[in-house]
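So the chains spell out like this:
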Amino acid sequence: MTSAIICAINILTRPLKGKWTEVLLAALRANWAHLLEQLQRESNFEVVKRLREEVKATADWFCVDTDDATWAFVQECLLLLLTLSRHLSDELERFQQDQSCLAPKSRTPEMAPPLAPDILSITQQKTIGAALQFVVCLGLCPYLTPGVGVPLGRRSAFGAMVEKLVHVGPVSGMARRLLTTTKVLLELAELSSLATLVFTRYLGDIIAAICQLGYIGVGRVGDGAEECQTCKETLKTLLGKVYQPIVIKELLILQGGAKQSSSGCSCRAPAWLRRLCGQLLSERLMQPSGVQAVIRAILEGGTGGESDWRKCDAVAKILIACPQQSASADAYFRHICPQILELLHFKDKLTSRQFQLVATRAVIFMVQERSSFAEKYLLSPLLAALHHCECDSQTAVEESELTQCVEDVYKVCMVENTPSASLLRALEEVLPVIFTLFCFTKKNVSHLRAPCQEILLWYLTHAEMSAALSMLRQLSGLQRGKNQVAANFHFTAGSEGGARLSCRESCSDEDDEMYERLSGDQWRVECLMHLLAELKDCDLPGDFFLDLLQELTSWAVADEETKDEEEVDMSAMTLLEVEQQLMGRAEKQAQRLALLHVLATMVESLQHAHLLRKTTQVVDFMMSLLQRACAGLDLTAGLNAGSAAESQTLRMGMGLVSALLSEPQDYLSMSKLLPPLEILSQQHPDVIIQELASNLRAVIATHGAYRPDSSSEAISVTDAPPPRNHKTAVKNVVKGEANDSHKPAQSHERLTASSGGSGISPGCEGQISGSSDSCPPSKPISDWLIEACDPDVPTRAYALRVLTQMVQHRKPEAIQAQEKILTLFLESLEHVDSFVYLSAIQGLAALADSYPDKILERLLKDFQHGPSLLSSNKERSVETRLKVGEVLMRTSRAMGELAPHLGRPLVGIFLRESRDPDQSIRASSLSNLGEICQRLDYSLGSLAQEISSCLTSLIKTEKEAEVRRAAVHVIASLLRGLGDKSTQVLSDVLLDLYRALKWVVNSDLDEVSVLHAHLALEELDDIMRRFIFPEQKLEKKIVVLP
């Protein structure tokens, strides 16, 4: 029966041959007449005819005498569709009754479920879809008011032709036809199988028709008001029943109307429709999960490109715009903000990125434009878990809450590049808690470490300089701050790799409590230095360093002014006054010790080029040094025990200023040095310093016009070697300044040794084992550069070795052509002949030894990503990387005592490249890791956990025997290099390394790996024997009495 009805629909809607523009109306009439003929003549359609007549009898809208061929065709389509719908409904009802009567036991698990009668085949769906298309195009869209819905002419060429064919009569008649079509379509949609066909393609048209019928009317008839009210209720029911993102998308299209046509006429949606759609959209937004529905409607199906980013910004701006229909802005944001925060917690990979981007942009826009509501409904809930960790809270915070809070803050911070003051102010309140959490994660393996570090760095780089310096003082313990973690609470490890705030156990021993507090303060300072080391392109570390030095200078001046007050007679004071004065002195002394400790840690942990990046910072540093020297001139009439060390530091400072003046400088910024230089030139007891200060003052005052020769001569008589440039001088002075501040009573010889930088003499600095010490032939460097490109291998190799000697002897021409020599060595590194590329390896090692800061960074980049030269052969990238690894190994061997300072970046790269897809690179990385680690000494302690985890996992999971051998060799190198220090440096991982070696001996099938493991175990055995049974020294001391 269903097939017969659909066959009748097919007869009515089948296409005819010919051009549509000529035969469309004739085709409609012909198909209609053919259908009526088939219904009268064919016996197969008797039941269809009967059902059609029953539906026709109940259809009060059916008009028999219409002269409009298109409307007659639409009526016939509606009759057949209603006939099909009612037949399927009756069949489905009988089917459900039959299924309920069947016994469940009669159906086995292997049996397929029976097919419902309303299931349509693809061909049947296509036929019904064609009928629906005729109904909408001929019976619905032509009767919509201009601007309501999308015109047929904008959809297809067929739609443009249909617009011309439909006869438009009186308004009341057209509205009645629109009402009829809409009612029938909604009746068809009551059956689920037909609702899919209706709503998937024509939902927007149906909504447009209901809006027009409900808010304009259906004509001048008695029941017009009732019909309008019914349409409004129908619209409300329909919008609540359909998937909300689809509804929102259709309403947005309906609200926008059609674009301006090419002829210039505008079809913009009428004002009443725009207001209605705005109201309906606001209602959708205010519903539960309304924010998600709006985002899905606009962004669903996005590709993540630039247009999607702009859409996310547009959606965020829509969300923070309070609609006119809302009762109040407070009520709107109170309802919307929790939904915005929920968007940050989506786990679905397909939608989480867009949802989180919309949420973060909405938070940022709201903080900028609606700061009061943002602080109340967004920032406070966002930072609630961190606020619970503060002093005024006495409740524990679970791991899930803390993790979610940190991740949400991280997402917001990483999107915003120009933060507002409200966001920075809100983050400033919880930053001490985040820093405490970061310090805890630095001691453990936690996934919260990276987010905490990025949040801290983001604040320090975006906050104003004064606020950032104040925060650094607070984090380092130099300034008392608020919002600290409660004293009786601390962070503990969570079960899922995070952290939780729990109650601290009371400590009965005061010494243990004091040690725990001091070690905690020390660890916080070290963690702060780690953060400052990450601020490579920022002036904040240098400004903080200068700020601390300025405070140190102010203390020296204050000491001179208050030296008489310290001799106060305490006999005339009360006990309370005496106690207060003593407590005040102790507090000041503790604060000064803390300041000196932070300064010393900064000098030891941060590179001099990182502390003083700009010339203005170097000038400010020298200003602080000279002011402190001037303040110390009047402390004593003669030289005290620390005057020699202070004079040595001051001489090196003079050398720094001289090095600055040897290059083109801004003399205006250096003019601030004139007053302290004048005081030193007149009052300092050291004649050399007087002469230096006088000459430097003359050069600065004349802007370089006057340059006395005695300036360089005076510098050369100091004990420290003359600096090659102002950067080397900065390093020497900074280290000497730290030693002078931290240990003022040390001897002059010890200060000279510690302030000399790397401890390598100028004549021997940069030499590498195996290189020739003879001076290169006297020939212009340009000739050697040309010969280094000669196709003849011996000539080229000899030129490379001569250039290497020039680099080792620090020839001025070699220093000027440093970039050319580096490029030449890197190009020669790819040569196939070993005589050439070994010479290039030796030359690169010499360059890295002479200029480690710059050359090591380039070599590490090439080792990690392959050769960076444009002329490089990408097919031989692995071979070139292995040669660079050889250069890094030689450089590691030549580092000596500078390994703890220069070796940390190498360790990170070698650990990362131990996961390279190529086994040769993995083995080379591990080999280099062993070379550098055995020279790191005590500085290896903070990296021991990561190195141990890497080695043990490679030993147990690596398939390539070559890589396993290298991993075992690293352990052997560690033990051999550290020696008896292994029990201290590797105390936390020594047991893991021992078990890994035993696992190799017992389980590994590679004989070489087993041999390396035996050697490492023997080394470990010797270390533990010396540790457990120390050597007994039998000594007899003979003392000769006077």
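Keep in mind it's a predicted model, so treat the numbers as computed, not measured.

A. Representation of the overall build of the protein chain in the model. Along the protein chain, the regular secondary structure elements total 48 helices and 2 strands. For the protein chain, the residues scored as buried account for 48% of the 1042 residues in total. Look at the contacts in the protein chain between residues 6 or more apart in sequence, and 73% of them connect residues 24 or more apart. Surface exposure of the protein chain reaches about 52500 Å², of which carbon and sulfur atoms provide 53%.

B. Just the packing of aromatic side chains, in detail. If you walk through the whole model with that rule in mind, you get 8 aromatic pairs. Relative to Phe134, the ring of Phe73 lies with its centre 5.1 Å away and its plane at 70 degrees, an arrangement referred to as edge-to-face. A residue pair is termed long-range when its members are at least 10 positions apart, and Phe73 in helix H4 (residues 69–101) and Phe134 in helix H5 (residues 122–139) qualify at 61 residues. You can call Phe73 buried: its relative accessible area is 1%.

C. The pattern of salt bridges, seen in detail. What the rule picks out here adds up to 19 salt bridges. Residues Arg52 and Glu76 are paired through a salt bridge, measuring 2.6 Å at the closest nitrogen-oxygen approach. Of this pair, Arg52 sits in helix H3 (residues 46–58) while Glu76 sits in helix H4, and the two are 24 residues apart along the sequence. Of the charged contacts, one joins Arg1026 and Asp980 as a salt bridge, the two residues approaching to 2.7 Å between their closest N and O atoms. Within this pair, whereas Arg1026 is found in helix H48 (residues 1007–1028), its partner Asp980 is found in the loop between helix H45 (961–978) and helix H46 (982–985), the two being separated by 46 residues in sequence. One salt-bridge network, in which partners are shared between bridges, spans Arg52, Glu53 and Glu76.

D. Just the packing of helix H18 (residues 399–415) against helix H20 (residues 449–462), in detail. Two numbers describe how H18 lies on H20: the axes approach to 9 Å, and their chain directions differ by 45 degrees. The orientation of H18 with respect to H20, classified from their angle, is oblique. At the point where H18 passes H20, the crossing takes the left-handed sense. For the pair formed by H18 and H20, the contact residues are Val406, Val409, Tyr410, Cys413 and Met414 on the first element and Pro451, Cys452, Glu454, Ile455 and Trp458 on the second.

E. Inspection of unusual backbone geometry at higher detail. Of note, the phi angle at Ser289 is positive, near 60 degrees, even though the residue is not glycine. Tracing the backbone shows Ser289 in the loop between helix H11 (271–286) and helix H12 (290–299). Note on Ser289: relative accessible area 43%, which makes it partly exposed.

F. Up close: H11. With 16 residues, H11 ought to run about 22 Å at 1.5 Å a step, and its terminal C-alpha atoms sit 23 Å apart, in line with that. Regarding H11, the residues found buried are Leu273, Leu276, Cys277, Gly278, Leu280, Leu281, Ser282, Arg284 and Leu285.

G. The arrangement of the pairing of strand S2 (residues 499–503) in detail. Pairing of strand S1 (residues 489–493) with S2, which is carried by 5 bridges, proceeds in the antiparallel orientation. Bridge assignment links Ala493 to a residue of S2, and that residue is Ala499. Taking the residues between adjacent antiparallel strands as the criterion, S1 and S2 are bridged by 5 residues, where Gly497 takes a positive phi near 85 degrees.

H. Structural context of the nonpolar core. Among the nonpolar cores identified, the biggest contains 218 residues, and Leu427, Met602, Met654 and Leu673 are the most heavily contacted of them. With 14 residues, helix H8 (residues 192–215) is the single largest residue contributor to this core. Sequence-distant contacts of Leu673, that is, excluding residues within four places in its chain, are made with Val619, Met622, Met623, Leu626, Val657 and Ile700.

I. Fine view of the confidence of the model for the protein chain. Predicted confidence across the protein chain gives a mean pLDDT of 77, with 82% of residues reaching 70 or more. Long-range and interchain partners of residues 636–642, a stretch whose pLDDT sits below 50, account for 2 contacts in this model, where long-range means more than four residues apart.

J. Geometry of the environment of Thr702. Tracing the sequence through the fold places Thr702 in the loop between helix H30 (687–701) and helix H31 (710–716). The partly exposed category is assigned to Thr702, whose relative accessible area is 35%. Counting along the chain gives 35 residues from Thr702 to Tyr667, while the straight-line C-alpha distance between them is 8.9 Å. Side-chain polar atoms of Thr702 contact the backbone oxygen of Ala698, separated by 2.7 Å. A distance of 3.3 Å separates a polar side-chain atom of Thr702 from the backbone oxygen of Val699.

K. Geometry of the UniProt feature "domain: RNA polymerase II assembly factor Rtp1 C-terminal" (unreviewed entry) in the protein chain. As recorded in UniProt, the feature "domain: RNA polymerase II assembly factor Rtp1 C-terminal" (unreviewed entry) lies at residues 783–898 and 989–1022. Taken end to end, residues 989–1022 comprises 88% helix and 0% strand; its first and last C-alpha atoms sit 18 Å apart.

L. Representation of a negative patch on the surface within the structure. A cluster of acidic side chains, namely Asp509, Glu510, Asp511, Asp512 and Glu513, defines a negative patch on the protein surface. By secondary structure assignment, the location of Glu513 is in helix H22 (residues 510–534). Judged by its relative accessible area of 45%, Glu513 falls in the partly exposed class.

Rules and cut-offs
Residues numbered from 1 in each chain as written. Predicted model: local features only at pLDDT ≥ 70, side-chain atom pairs only at ≥ 80, totals over all residues. Heavy atoms only, no water. Helix = DSSP H or I, 4+ residues; strand = E, 2+ residues; numbered from the N terminus. Buried < 20%, exposed > 50% of the residue type's maximum accessible area, 1.4 Å probe, protein only. Contact = heavy atoms within 4.5 Å. Areas by Shrake-Rupley, 256 points an atom, 1.4 Å probe, with all protein chains shown as cover. Phe/Tyr/Trp six-rings, centres within 6.5 Å; stacked < 30°, edge-to-face > 60°. Salt bridge = Lys/Arg side-chain N within 4 Å of Asp/Glu carboxyl O. Axes fitted to C-alpha atoms, helices over the stretch in contact; angles between N-to-C directions. Parallel < 35°, antiparallel > 145°, perpendicular 65-115°, else oblique. Left-handed = near helix turned anticlockwise from the far one by under 90°. Expected span 1.5 Å × (residues − 1). Pairing = 2+ DSSP bridges. Core = buried A, V, L, I, M, F, W, Y, C linked by side-chain atoms within 4.5 Å. pLDDT = per-residue confidence, 0-100. Polar contact = N/O pair within 3.5 Å; in protein donor to acceptor, adjacent residues only side chain to side chain. UniProt positions renumbered as here; feature names shortened; annotations may be inferred. Patch = residues over 30% accessible without salt bridge, like charges linked within 9 Å, V, L, I, M, F, W, Y side chains within 5 Å. Lys, Arg positive; Asp, Glu negative; His and termini not counted. Charge placed at Lys NZ, Arg CZ, Asp CG, Glu CD.

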